[in-house]
Number of protein chains: 2
Amino acid sequence: MNYTFIENGSVTSPLGFVAGGVAAGVKAYTNATQAALKNEPVLPVNGKRDLAMIYCEKPCAAAAIFTRNLVKSDTIYVTQKHLENGVAQAVIVNSGNANACNPDGYEKAERMCALAADALGIDANDVIVASTGVIGQALPIEPIAKSVDALKNALSKEGGTNAAEAIMTTDTVKKEWAVSLTLDGKTVTIGGIAKGSGMIHINMGTTLSFVTTDAAISAEMLKAALIEAADVTYNMVSVDGDTSTNDTLAIMASGLAGNAEITEKNADYALFTEALTAAFRQVARKLAADGEGATRLIIGRVSGAKDEAAAKTIAKSVICSSLVKAAMFGADANCGRILCAVGYSGAEVDIKKIDVSYRSAKGEILVCKDGMGLAFDEDKAKEILLENEIDIMIRLGDGDGTAEAYGCDLTYDYVKINGDYRT
Amino acid sequence: MNYTFIENGSVTSPLGFVAGGVAAGVKAYTNATQAALKNEPVLPVNGKRDLAMIYCEKPCAAAAIFTRNLVKSDTIYVTQKHLENGVAQAVIVNSGNANACNPDGYEKAERMCALAADALGIDANDVIVASTGVIGQALPIEPIAKSVDALKNALSKEGGTNAAEAIMTTDTVKKEWAVSLTLDGKTVTIGGIAKGSGMIHINMGTTLSFVTTDAAISAEMLKAALIEAADVTYNMVSVDGDTSTNDTLAIMASGLAGNAEITEKNADYALFTEALTAAFRQVARKLAADGEGATRLIIGRVSGAKDEAAAKTIAKSVICSSLVKAAMFGADANCGRILCAVGYSGAEVDIKKIDVSYRSAKGEILVCKDGMGLAFDEDKAKEILLENEIDIMIRLGDGDGTAEAYGCDLTYDYVKINGDYRT
């Protein structure tokens, strides 16, 4: 390993970055707007942080990748435009309202950037904007306008954790991290925050994630590294099969570490991408483990596939199966549902060469050999499956392709959370 | 309409067919085999019917279509072989064990056919076989061998309903139907039974379904009609996105109605296919409404799509979305999740021209106009969505393509049923 995870690291760990998060009341204002339309009483603003900012003391090389959903939040179009020149200096994000499918969404997203830029004294074109929450309800700009100065004043080196909290929706744990490595004899740090929970499916992003680094690296190489790292991590996570309208994974590089700037795919690029991938892998696990209502992290691990593409297809098919997910909730060592999900994945496999086992901290148990179900010790299987991290090991006899995909169990709480999300 | 549904019709309504269902104890024997491996006490046989037979007094033209899952029950390979000559005279089916992913599955499926053929005094090659239940556990042949004579003796014109009951697994209602039409001046009847519930997803079949008719029609035309009718009905149903290993939709035509045999795609073929499609549409609705744990039938109705293929893709994407399904359980008139599912469907759409409304027996409410969320009367929306049949109307501005897809809500009970199916 050419990198080290930093304990209590966050998006502010790299040189040059500060962050913060405040309670602006976006969700309460959204509800109030709806209530006003019906002449109902306005609900009080709750105290949850819902507005986050990340700021760098200097303009950064920047890149981002986005949801592939055709229906996109206007924040994405605004951010895309602002990143055309590969430069950004700040991020502003709200939770509580996705600013998607609204007639004035683009204007509001631009307004958020302008508010951030005014407070920070920078160019609005250097601001990345994102939103998360309910879709199709007007984004109230008032609470953001009222809170932006407080947000600016809250920026600090310790503020990464408040920013991580402010972007949470139904997330139950904050997701922040940092990792360090040596490039060109210099210590380089990469840090990030992320939110996930529901409406999460393979195909980039699947969350809001903001990454910072003090590495010197061009915007072009930053984007290449982002795509490469996301491909085997973010793009292998599924909570519920729904690709959101707002997924954004953005990265800013301050260059303050003082390494020779990475401008091509050299050895330093490889080291940087390796560290980024390791960090993203940890985030992918956290996003899946904290999937809405989840009680268990489920990792589909495929080996012996025809090629990497087949391995990925199979791993994703298994962790996306509602029946597999429900079986994992019930700690049921079902082999038929795994074989079934392999069979309909669309990948080419020799079904007579499939072995399946379940593995956790309590051991491993083989439930299928050569495509056939085995009789196995149900008590042992239960003991293994009652752990909160389960590997579903799928060994094929078709080649050298391997892949990992990250999912979670399907629980009563997923249904509860999503049966009445808006109220 | 050129056809009439027959009240209390079943698979025995067409001339020449009898059917029956008995309690053989397949599930109890399956569990007993597992228990014996662990030296545990054997559970008693429960009284649920689990072995069904359909028999025609003469050999029939026959056809079937099957699951597209690469992992198939051996019953499918045996039935495919037996239908190579386009002739069948009987069906034998068990529930309680899927006979899939077992080393001796093919042999056991052949043995089921031989047992049925011996009891009936017909050729084993003229028997269609199917199984449904747990995957990957050995099919016990003893209970079937012991019960086959009783099953033969139970065959009657009134026995269709017992056969329908015997193929149920987690189904809560029996699915049986018959429809009549006039062909060539003769009354022709088509009847059927079906089981569904879980592991149901678009891509043919999605269930076990057995259809009979007294129409005179060639095996080739029977298959063509089957594919045409299934394409807009069975292939548009999804309960949980999982395509099963055992899906079988088989049809037998006795020819006893005495119409001029249909051997080409003529006007009679069109009438026959129209009636078959209407019947299958009713079954599709029943399969979705009785999806595991479902409290509501959800129909995605798309109009104005670029073409029929796009309309189908969008309709299926919407009714397959876990988030839409959970919202329907909560009677939540969410518009964002519908737009989101349209957006990631893969179909080409102009998102600025999407209108979405919810409709039920209580009325219709528009929640999205031109791709933008609308403020709407939440109380009215709740009233509409609390009905047990909901249409999600998606009107596009891209062309003339229309489609309907059939799904259900995602509930606590789906999770409960599938969290511990095997025990």
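You'll find the structure just up there.
Residues numbered from 1 in each chain as written. Chains lettered and ligands numbered in written order. Predicted model: local features only at pLDDT ≥ 70, side-chain atom pairs only at ≥ 80, totals over all residues. Heavy atoms only, no water.

> How should the overall build of chain A be read in this particular structure?
A count of helical and extended segments in chain A gives twelve helices and 15 strands. Taking 22 Å as the expected radius of gyration for a compact globule of 423 residues, we find that chain A reaches 22 Å, a close match to that expectation. With respect to the principal axes defined by its C-alpha atoms, chain A has extents near 65 × 60 × 35 Å. Relative to all contacts within chain A whose residues are 6 or more apart in sequence, the contacts with residues 24 or more apart total 82%. With an accessible surface of roughly 14300 Å², chain A has 49% of that area assigned to carbon and sulfur atoms. Averaging the locations of the 39 positively and 53 negatively charged side chains of chain A gives two centres separated by 3 Å. (Helix = DSSP H or I, 4+ residues; strand = E, 2+ residues; numbered from the N terminus. Rg over C-alpha atoms; globule rule 2.2 N^0.38 Å. Contact = heavy atoms within 4.5 Å. Areas by Shrake-Rupley, 256 points an atom, 1.4 Å probe, with all protein chains shown as cover. Lys, Arg positive; Asp, Glu negative; His and termini not counted. Charge placed at Lys NZ, Arg CZ, Asp CG, Glu CD.)

> Would you mind going over the packing of helix α3 (residues 105-120) of chain B against helix α4 (residues 142-154) of chain B with me for this structure?
For any two helices packed against each other, one specifies the crossing angle of their axes together with the interaxial distance. Residues and elements named next belong to chain B. The contact between α3 and α4 brings their axes to 9 Å, and the two run at 35 degrees. In this structure, α3 crosses over α4, and the sense of that crossing is right-handed. For the pair α3 and α4, the contacting residues are Met112, Leu115, Ala116, Ala119 and Leu120 in the first and Ile144, Ala145, Val148, Asp149 and Lys152 in the second. Considering only residue class, the contact of α3 with α4 consists of eight nonpolar, no polar and two charged. (Axes fitted to C-alpha atoms, helices over the stretch in contact; angles between N-to-C directions. Left-handed = near helix turned anticlockwise from the far one by under 90°. Nonpolar A, V, L, I, M, F, W, Y, C, P; charged D, E, K, R; others polar.)

> Got a minute to help me understand the packing of aromatic side chains in this structure?
Describing an aromatic ring pair means giving the distance of the ring centres and the angle of the ring planes. A complete count under the given rule lists nine aromatic pairs over all chains for this structure. Centre to centre, the rings of Trp177 of chain A and Phe280 of chain A are 6.2 Å apart; their planes meet at 85 degrees, and the pair counts as edge-to-face. Here Phe280 of chain A lies in helix α7 (residues 267-289) and Trp177 of chain A lies in strand β6 (residues 175-183), a separation of 103 residues in the sequence. Assessed through its relative accessible area of 3%, Trp177 of chain A is described here as buried. Residue class for Phe280 of chain A comes out buried when judged on its relative accessible area of 0%. Ring geometry for Tyr234 of chain A against Phe280 of chain A: centres 5.0 Å apart, planes inclined by 85 degrees, an arrangement best described as edge-to-face. Of the two residues, Tyr234 of chain A sits in the loop between α6 (219-231) and β9 (248-253) while Phe280 of chain A sits in helix α7, which places them 46 residues apart along the sequence. A single burial state applies to Tyr234 of chain A and to Phe280 of chain A, both of which are buried. Each member of the aromatic cluster is reached from another via a ring pair, and the members are Phe329 and Tyr412 of chain A together with Phe329 and Tyr412 of chain B. (Phe/Tyr/Trp six-rings, centres within 6.5 Å; stacked < 30°, edge-to-face > 60°. Buried < 20%, exposed > 50% of the residue type's maximum accessible area, 1.4 Å probe, protein only.)

> Looking at this structure, how should I read the sheet that holds strand β12 (residues 363-369) of chain B?
For sheets, the rule is that strands pair by backbone hydrogen bonds, running either parallel or antiparallel. All names here are of chain B. Strand order in the open sheet formed by six strands is β13-β12-β11-β14-β10-β15, and the pairing between neighbours is mixed. This sheet does not close on itself; its edge strands, each paired only once, are β13 (372-373) and β15 (401-408). In this structure, β12 lies alongside β13, joined through two bridges in antiparallel fashion. Note that in β13 the partner of Lys369 across the bridge is Met372. Those strands touched by helix α11 (residues 378-385) are β11 (355-360), β12 and β14 (389-395), and its axis lies near 120 degrees from that of β12. (Pairing = 2+ DSSP bridges.)

> When you look at the packing of helix α2 (residues 74-82) of chain B against α3 of chain B in this model, what are you seeing that I'm missing?
All names here are of chain B. Two elements in contact, α2 and α3, have axes whose closest approach is 8 Å; the angle formed by their N-to-C orientations is 50 degrees. Put simply, α2 runs oblique to α3. For the crossing formed where α2 meets α3, the hand is right-handed. Between α2 and α3, the contacting residues are Asp74, Thr75, Tyr77, Val78, Lys81 and His82 on the first element and Gly105, Tyr106, Ala109, Glu110 and Cys113 on the second. Split by residue class, the contact of α2 with α3 holds five nonpolar, three polar and three charged. (Parallel < 35°, antiparallel > 145°, perpendicular 65-115°, else oblique.)

> Would you take a moment to explain the pattern of salt bridges for this structure?
Note that side chains of opposite charge can pair when their charged atoms are close. All told, the structure shown has 36 salt bridges over all chains when counted by the stated rule. Of the charged contacts in the structure, one is a salt bridge between Glu404 of chain A and Arg281 of chain A, with a shortest N-O distance of 3.7 Å. With Glu404 of chain A in strand β15 (residues 401-408) and Arg281 of chain A in helix α7, the pair connects residues that are 123 residues apart, well separated along the chain. One salt bridge in this structure joins Glu110 of chain B and Lys81 of chain B, with 3.0 Å as the shortest N-O distance. Taken together, the residues Glu110 of chain B in helix α3 and Lys81 of chain B in helix α2 connect sequence positions 29 residues apart. Taken together, the shared-partner salt bridges connect Arg281, Arg301, Arg359, Asp391 and Glu404 of chain A into one network. (Salt bridge = Lys/Arg side-chain N within 4 Å of Asp/Glu carboxyl O.)

> Looking at this structure, how should I read the relation of the copies chain A and chain B?
Between the two chain copies there is a screw-like relation: a rotation about an axis and a shift along it. For the match of chain A to chain B, the screw axis carries a shift of 0.0 Å, the RMSD comes to 0.0 Å, and the turn is 180 degrees. Here the copies are linked by what is in effect a two-fold axis. For chain A, the smallest separation between a C-alpha atom and the rotation axis is recorded for Tyr412 of chain A, amounting to 2.5 Å. (Least-squares fit on C-alpha atoms with pLDDT ≥ 70 in both.)

> Hey, could you run me through the interface of chain A and chain B in this one?
Tallying the contact residues gives 59 residues for chain A and 59 residues for chain B. Overall, the association of chain A and chain B removes approximately 4800 Å² of surface from exposure, summing both partners, and the carbon and sulfur fraction of that is 59%. Here chain A and chain B share zero salt bridges between them. Seen at the junction of chain A and chain B, the total is eight residue pairs in polar contact (both at pLDDT 80 or more). (Buried area = accessible area lost by both parts, 1.4 Å probe. Polar contact = N/O pair within 3.5 Å; in protein donor to acceptor, adjacent residues only side chain to side chain.)

> Whenever I open this one, the sheet that holds strand β10 (residues 297-305) of chain A confuses me. Can you help?
Residues and elements named next belong to chain A. As summarised here, the arrangement of the six strands in space is β13-β12-β11-β14-β10-β15, forming an open sheet in which the pairing is mixed. Strands with a single pairing partner mark the edges of an open sheet, and in this sheet they are β13 (372-373) and β15. Pairing geometry for β10 and β15, over seven bridges, is antiparallel. Residue Ala305 lies in a different strand from β15, and its bridge partner there is Gly401. Contacting β10, β11 (355-360), β14 (389-395) and β15, helix α9 (residues 322-329) crosses the sheet at an angle of about 135 degrees to β14. Sheet strands in contact with helix α11 (residues 378-385) are β11, β12 (363-369) and β14, and its direction is about 120 degrees off that of β12.

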